[in-house]
Amino acid sequence: MAVDRSLPILIVDDYKTMLRIIRNLLKQLGIENVDEATDGGTALAKLRERNYGLVISDWNMEPMTGLQLLKEVRADYKLKQTPFIMITAESKTENVVAAKEAGVTNYIVKPFNAATLKQKLAAVWGDF
């Protein structure tokens, strides 16, 4: 599936500092069209209001986790094709497997840098 890079990216994290870090890394990669949400519920509402080319979400959030958000996105016929990158501090195999089973497009383990993010974006978008 071709990814429309003119569409904004939605970053989701309940930790404002992490949102700022991800936004800055995206900016380093030349991506300025970024929207943010501080929890899964808000993210879902935004996703239903507007088209996004990619979701980058933290796993560990309250009250809706990134995994729950991913499952909601994949269950919604209008959103299910949206590429979804999960960010987590957990590199446990069962987490990776759970995310894959839920339909995650790619996975980033914290801490990460612009080069890692670029690599993951290239894997999602084909060529970056």
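See the structure above.
Heads up: these notes are all about the structure in this document. (Residues numbered from 1 in each chain as written. Predicted model: local features only at pLDDT ≥ 70, side-chain atom pairs only at ≥ 80, totals over all residues. Heavy atoms only, no water.)

### A short note on the overall build of the protein
Scanning the protein from N- to C-terminus turns up 5 helices and 5 strands. Along its sequence from the N terminus, the protein presents helices and strands in the succession β-α-β-α-β-α-β-α-β-α. Against the compact-globule benchmark of 14 Å for 128 residues, the protein has a radius of gyration of 13 Å, which places it among compact chains. Based on the C-alpha atoms only, the size of the protein along its principal axes is roughly 30 × 30 × 25 Å. Looking at the 128 residues of the protein, the share that counts as buried comes to 46%. (Helix = DSSP H or I, 4+ residues; strand = E, 2+ residues; numbered from the N terminus. Rg over C-alpha atoms; globule rule 2.2 N^0.38 Å. Buried < 20%, exposed > 50% of the residue type's maximum accessible area, 1.4 Å probe, protein only.)

### Here we look at helix α2 (residues 40–49)
Buried within α2 we find Gly 40, Ala 43, Leu 44 and Leu 47. Axial view of α2: buried residues confined to an arc of 100°, hence all on one face. Those residues of α2 that are buried lie in contact with β1 (9–12), β2 (34–37), β3 (54–58) and α3 (66–75). Its side-chain oxygen 3.0 Å from the backbone nitrogen of Gly 41, Asp 39 forms the N-cap of α2. (Arc of directions from axis to C-beta. Contact = heavy atoms within 4.5 Å. Polar contact = N/O pair within 3.5 Å; in protein donor to acceptor, adjacent residues only side chain to side chain.)

### With respect to the pattern of salt bridges
Taken as a whole and assessed by the stated rule, the structure comprises 6 salt bridges. Among the ionic pairs, Asp 35 bridges to Arg 50, the shortest N-O distance being 3.4 Å. Of the two residues, Asp 35 sits in strand β2 while Arg 50 sits in the loop between α2 and β3, which places them 15 residues apart along the sequence. Relative accessible area serves as the criterion here: at 17%, Asp 35 is assigned to the buried category. (Salt bridge = Lys/Arg side-chain N within 4 Å of Asp/Glu carboxyl O.)

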